[in-house]
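Examination of the molecular architecture
Below, each chain spelled out in residue letters.
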Amino acid sequence: MAFVQFTQPDDQPIVSNRIVTATPLPDGQGTRITFNNGGHQDVKQLIADVLRQLSISA
């Protein structure tokens, strides 16, 4: 799993955490990232950008 930095919808950074899954939000306006601790965070980056960043940092 990768450690990366993403941005909340209000442009605030989220703390890097171990990512388990990334799925598009239903409205298509971002991505929901699920962490290994069971939590999740919605970010403004689209799923393609999230997956690309995860691939680069893996």
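Data block above holds the structure.
Source: prediction; values computed, not measured.

Side note on the environment of Gly 30
Tracing the backbone through its elements, the reader meets Gly 30 in the loop between β1 (19-24) and β2 (31-35). Here Gly 30 falls in the buried class, since its relative accessible area comes to 3%. Considered as a pair, Gly 30 and Lys 44 are 14 residues apart in the sequence and their alpha carbons are 4.4 Å apart. Once you skip the residues sitting within four places of it in the chain, Gly 30 turns out to touch Pro 24, Leu 25, Val 43, Lys 44, Gln 45 and Leu 46.

Quick look at the side chain of Gln 45
Position of Gln 45 among the secondary structure elements: in the loop between β3 (40-43) and α1 (47-57). In this structure Gln 45 touches Phe 6, Thr 7, Gly 30, Thr 31, Val 50 and Gln 53, once residues within four positions along its chain are discounted.

Each value, and the rule that gives it
Residues numbered from 1 in each chain as written. Predicted model: local features only at pLDDT ≥ 70, side-chain atom pairs only at ≥ 80, totals over all residues. Heavy atoms only, no water. Helix = DSSP H or I, 4+ residues; strand = E, 2+ residues; numbered from the N terminus. Buried < 20%, exposed > 50% of the residue type's maximum accessible area, 1.4 Å probe, protein only. Contact = heavy atoms within 4.5 Å.

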